[in-house]
Protein chains: 4
Amino acid sequence: MTEHSINPSAPKRATQRDEKAVERRTQLIDTALEVFAKKGFDKTSVRELAAAAGVAQGLMYHYFKSKDQLLEAVVERHSFLPQLKAMLTTMHNEPAAKVLKITGNQFFALLGQKESLMNIFFHETQSHPIVPRIWRNILNQGIGLFQTYLDERVAAGELKPHTTDVTARTLAYTIVLLRATSVAFHHRTRPEAFINEMVDNLLSGVAAPAA
Amino acid sequence: MTEHSINPSAPKRATQRDEKAVERRTQLIDTALEVFAKKGFDKTSVRELAAAAGVAQGLMYHYFKSKDQLLEAVVERHSFLPQLKAMLTTMHNEPAAKVLKITGNQFFALLGQKESLMNIFFHETQSHPIVPRIWRNILNQGIGLFQTYLDERVAAGELKPHTTDVTARTLAYTIVLLRATSVAFHHRTRPEAFINEMVDNLLSGVAAPAA
Amino acid sequence: MTEHSINPSAPKRATQRDEKAVERRTQLIDTALEVFAKKGFDKTSVRELAAAAGVAQGLMYHYFKSKDQLLEAVVERHSFLPQLKAMLTTMHNEPAAKVLKITGNQFFALLGQKESLMNIFFHETQSHPIVPRIWRNILNQGIGLFQTYLDERVAAGELKPHTTDVTARTLAYTIVLLRATSVAFHHRTRPEAFINEMVDNLLSGVAAPAA
Amino acid sequence: MTEHSINPSAPKRATQRDEKAVERRTQLIDTALEVFAKKGFDKTSVRELAAAAGVAQGLMYHYFKSKDQLLEAVVERHSFLPQLKAMLTTMHNEPAAKVLKITGNQFFALLGQKESLMNIFFHETQSHPIVPRIWRNILNQGIGLFQTYLDERVAAGELKPHTTDVTARTLAYTIVLLRATSVAFHHRTRPEAFINEMVDNLLSGVAAPAA
DNA sequence: AATGAATGAGGATTCATTCAT
DNA sequence: GATGAATGAATCCTCATTCAT
């Protein structure tokens, strides 16, 4: 931040230094993500964060104005909206059952890859307003993903006209909670089979044919 | 303990004091529930808790060994397992659609009545091991509720044989997350309509008849 | 303390009750002695004292104005000055070596019997001014005991004229510290042999005869 | 740690800060010694300690993990074992009476210089296990000091063969208690004269020559 | 950029003591 | 006499944050 360079070689040097600074910053953020996820925001002290990153506590305040702002940075950096958006952009001419199963499992897998972040989303809602905001974005994005596809299939005549919002949220919510509980709970049905069967149920119904 | 009474009113006296103590205890627990739900466990100081209850902070430790133990007491006292168990014990000869809709909405309403507790379940998982344990109990109870009924209807031939665990959890999870998000989010579909439609979807499927 | 008797039978009753009250008081004192000795005055709470005596904490304040006053009562009640004074009143025509050995061992034994109290004397000097005061009394009494005897034997010509204060204190101090350290330390010489030899040394000297 | 210095004065800088930290630490320890000695460990709050040292209370915990550990540091730093060991290493060809008198008085003087520490040794035995441990070391060192010398003089024929442990402990214990009581009590005999006479008594005995 | 000394507010908890019953 | 509920001050300790180096 403080630029008091004298000789002309400074610009390049500054860039190098900036790069290093950015690296350091992301290192601090990534370390914080893990520690926050494991111990919780409030139960983690800045000293611990610094120790985990192998730096002095004072350095934390060079890169982040406050502990809160660090949480902000963590959540912003790891919000996997891009990955979410990238999902389901292909596969248009496949049957809905197949597409929804694949997408559902992708969604489930994505949440699993971001387990630490999910932990923060679930537990630190009250620590910083940015947390629920971003979590809401992600959830809505997930729901929208399904809904957009469903609307398309309704339009294509593959699905009957109905409130796709309900179906989309049924899918998204169930997958999210399946993910959230799959760590702590012991489930009878394995996630992939679960998701596949849920999709089938939603498409074809569980009522007996006669009824 | 010491009984040197002559008239029959004496025993009641001791009881009166005890009663008051019990009342006071529940008052402290109930106050704590609200404050924990609003501010979060870590962000709430014992001083605040005492102030909210209108007592000296020292008194908190007369009734509870620690702040942790208070949380324990809160969660134990308000775990609505009895209410959950009471649900769906009637209405056997009604169509599944109707029964599931009613039960689903009851479940949703019950979660709503326990909003403060739900807040704790969602956010304070890491504060005390009893929180996830009881939350798991409740969730499993809710799931079991649906599953038992579904199994029964499968046996009765109203539903086709399928993994009822999946359907039950789809219902329960969606309702739970519907509840959890209905405060912070703004939904297009109203909860009751949502639940009703979800039940219909699950029973009859959303696929176009031709498919 | 509060006397509001109406009928003439009260005096006798009061006496019975007083007796019981005195008993209770000494019970509380004796319990306190043990707990204070074991845990130290500051580290012992009134609640613990009450629990150890099997009564409610409030009752402590019926019998003692404060925790300090309880310590006072403890020290006063158990100050073994009478026993000390009773020592060495006999045995006038025996050789000094024998008498001093017996008395020294008696003194040592007496301190041993009062181990709890000794603990308080050693550690709680700063807790209440009465503690060092009484301890000084006891110590001086012990010293005086020896000195009186020594003076008498000097007068009788059995001992040579010298500063008996020095000899008396050498004896008393050594025995006291022997006692104080005998619990925590591991000594080579056993107390009785030690005291006997010390007396011999003091009487006859350890210098070689030639010198 | 980070060395990006050009001129040779840089390394010293880091050392300067470290030096200051060490100084600060000893300052805190020394202040604590005085306050603990005056008020007692339990009766002294960390706030007082900090105030006495003119620092914020939080700083105490930067240097010491706990109040207990501070006491540990105090006792360790001021345990005058080195000084004790240095005593009596000379003067081999002087008469025992002279040597013992000088050493006894030195020992007494040393204890006097460490009055604050002695206070802690006497009163805070129960506050932390390190206190009695170090005190035992010191006492044993003092005893050993005398005993080694006595053994040597016995071997040299100046003293008659006897249990030197008894004589050594008589000397050491008496001097220690003389020191401990000389503050609170009012003695007739002055310490130096007392010690000299005690040595004489121990060497030559107080029994009348005829006996 | 990096360190860690220094601060002071605030947190959980303990405790002597009082008081209504 | 006896109980234990109630008080509030005080205690140890933690922590986010600042700052000189």
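Residues numbered from 1 in each chain as written. Chains lettered and ligands numbered in written order. Predicted model: local features only at pLDDT ≥ 70, side-chain atom pairs only at ≥ 80, totals over all residues. Heavy atoms only, no water.

The name given to chain A in an unreviewed UniProt entry is TetR/AcrR family transcriptional regulator, with Candidatus Dehalogenimonas loeffleri as the source organism.

(A) Quick peek at the overall build of chain A. Secondary structure assignment for chain A yields 10 helices and zero strands. For chain A, long-range pairs separated by at least 24 residues make up 70% of all intrachain contacts whose partners lie at least 6 apart in sequence. (Helix = DSSP H or I, 4+ residues; strand = E, 2+ residues; numbered from the N terminus. Contact = heavy atoms within 4.5 Å.)

(B) Inspection of the relation of the copies chain C and chain D at higher detail. Screw-axis analysis of chain C against chain D gives a translation of 0.1 Å along the axis, an RMSD of 0.2 Å, and a rotation angle of 179 degrees. Read as a symmetry element, the transformation amounts to a two-fold axis. Relative to the rotation axis, the closest C-alpha in chain C is found at Gly 205 of chain C, a distance of 1.7 Å. Same-surface contact between copies: 98% of interface residues of chain C are shared with the interface of chain D. (Least-squares fit on C-alpha atoms with pLDDT ≥ 70 in both.)

(C) Representation of the interface of chain C and chain D. Listed as interface residues are 51 residues of chain C and, on the opposing side, 50 residues of chain D. Summed over both partners, the interface of chain C with chain D comes to about 4,600 Å²; 57% of that surface belongs to carbon and sulfur atoms. It is Gln 126, Tyr 173 and Val 206 of chain C that lose the most area in chain C upon contact with chain D, and together they represent 15% of the buried surface on that side. Our enumeration of links across chain C and chain D arrives at two salt bridges. The salt bridge partner of Asp 42 of chain D is Lys 43 of chain C, with a shortest N-O separation of 3.7 Å. The tally of links between chain C and chain D comes to 22 residue pairs in polar contact (both at pLDDT 80 or more). Those elements giving two or more residues to the side of chain C that touches chain D turn out to be helix 1 (10–39), helix 7 (115–123), helix 8 (130–155), helix 9 (164–184) and helix 10 (191–204) of chain C. For the side of chain C that touches chain D, the element with the highest residue contribution is helix 9 of chain C, accounting for 12 residues. Across the side of chain C that touches chain D, the residue classes tally to 19 nonpolar, 20 polar and 12 charged. (Buried area = accessible area lost by both parts, 1.4 Å probe. Salt bridge = Lys/Arg side-chain N within 4 Å of Asp/Glu carboxyl O. Polar contact = N/O pair within 3.5 Å; in protein donor to acceptor, adjacent residues only side chain to side chain. Nonpolar A, V, L, I, M, F, W, Y, C, P; charged D, E, K, R; others polar.)

(D) Main features of helix 8 (residues 130–155) of chain A. For helix 8 of chain A, spanning 26 residues, the distance from its first C-alpha to its last is 37 Å, which sits close to the expected 38 Å at 1.5 Å a residue. At the exit of helix 8 of chain A stands Gly 157 of chain A, carrying a positive phi of roughly 85 degrees. (Expected span 1.5 Å × (residues − 1).)

(E) Spotlight on helix 10 (residues 191–204) of chain D. With 14 residues, helix 10 of chain D should cover 20 Å at 1.5 Å per step; its first-to-last C-alpha distance of 20 Å lies within 8% of that length. Positive backbone phi, at 85 degrees, marks Gly 205 of chain D, one or two positions downstream of helix 10 of chain D.

(F) The protein's contact with DNA strand E, seen in detail. Near DNA strand E there are 32 residues, and of these Lys 67 of chain B, Val 46 of chain C together with Arg 17, His 62 and Tyr 63 of chain D occur at the shortest range. The contact atoms of DNA strand E, taken as those within 4 Å of the protein, divide so that sugar and phosphate hold 67%. At 2.9 Å from a phosphate oxygen of DNA strand E is found a main-chain nitrogen or oxygen belonging to Val 46 of chain B. Within the contact set of DNA strand E, a phosphate oxygen lies 3.4 Å away from a side-chain nitrogen or oxygen of Arg 24 of chain D. Mapped by element, the contributors of at least two residues to the surface near DNA strand E are helix 3 (57–63) of chain A, helix 3 (57–63) of chain B, helix 3 (57–63) of chain C together with helix 1 (10–39) and helix 3 (57–63) of chain D. (Near = heavy atom within 4 Å.)

(G) Local environment of the side chain of Lys 114 of chain C. All names here are of chain C. For Lys 114, the position within the fold is in the loop between helix 6 (96–113) and helix 7. Put simply, Lys 114 is tucked away with no salt bridge, and the nearest opposite charge, on Asp 30, sits 8.3 Å away. Not counting chain neighbours up to four residues away, the residues in contact with Lys 114 comprise His 78, Phe 80 and Gln 83. (Buried < 20%, exposed > 50% of the residue type's maximum accessible area, 1.4 Å probe, protein only. Lys, Arg positive; Asp, Glu negative; His and termini not counted.)

(H) The confidence of the model for chain A, seen in detail. All names here are of chain A. Looking at chain A, the pLDDT average stands at 87 and 88% of residues meet or exceed 70. Ranking the helices and strands of chain A by mean pLDDT puts helix 3 first, with 97, and helix 1 (residues 10–39) last, with 83. Overall, residues 1–10 carries pLDDT values under 50, and its contacts beyond four positions in sequence, including any with other chains, amount to two contacts. (pLDDT = per-residue confidence, 0-100.)

(I) Looking closely at the pattern of salt bridges. Residue and element names in this part refer to chain A. The final tally for this structure, using the stated rule, is 32 salt bridges over all chains. The residue Arg 77 makes a salt bridge to Asp 30 at a minimum N-O spacing of 2.9 Å. Of the two residues, Arg 77 is situated in helix 4 (residues 67–78) and Asp 30 in helix 1; the sequence distance between them amounts to 47 residues. Judged by relative accessible area, Arg 77 falls into the partly exposed class, the value being 42%. Overall, Asp 30 belongs to the partly exposed group, its relative accessible area being 27%.

(J) View of the packing of aromatic side chains. Residues and elements named next belong to chain B. Under the defined criterion, the tally for this structure stands at 16 aromatic pairs over all chains. Ring centres of Phe 107 and Phe 146 lie 6.0 Å apart, and the angle between their planes is 80 degrees; on these two criteria the pair is classed as edge-to-face. Placement of Phe 107 in helix 6 (residues 96–113) and of Phe 146 in helix 8 (residues 130–156) is noted, with a sequence separation of 39 residues between them. With respect to burial, Phe 107 and Phe 146 carry one shared label: buried. Consider the rings of Phe 122 and Trp 135, whose centres lie 5.7 Å apart with planes at 65 degrees: the pair is edge-to-face. Pair noted here: Phe 122 is in helix 7 (residues 115–123) and Trp 135 is in helix 8, with a separation of 13 residues, a long-range link. Each member of the pair, Phe 122 as well as Trp 135, is classed as buried. One residue, Lys 67, lies across the ring of Phe 41, its end atom 4.5 Å from the ring centre. (Phe/Tyr/Trp six-rings, centres within 6.5 Å; stacked < 30°, edge-to-face > 60°. Lys NZ or Arg CZ within 6 Å of the ring centre and 35° of its normal.)

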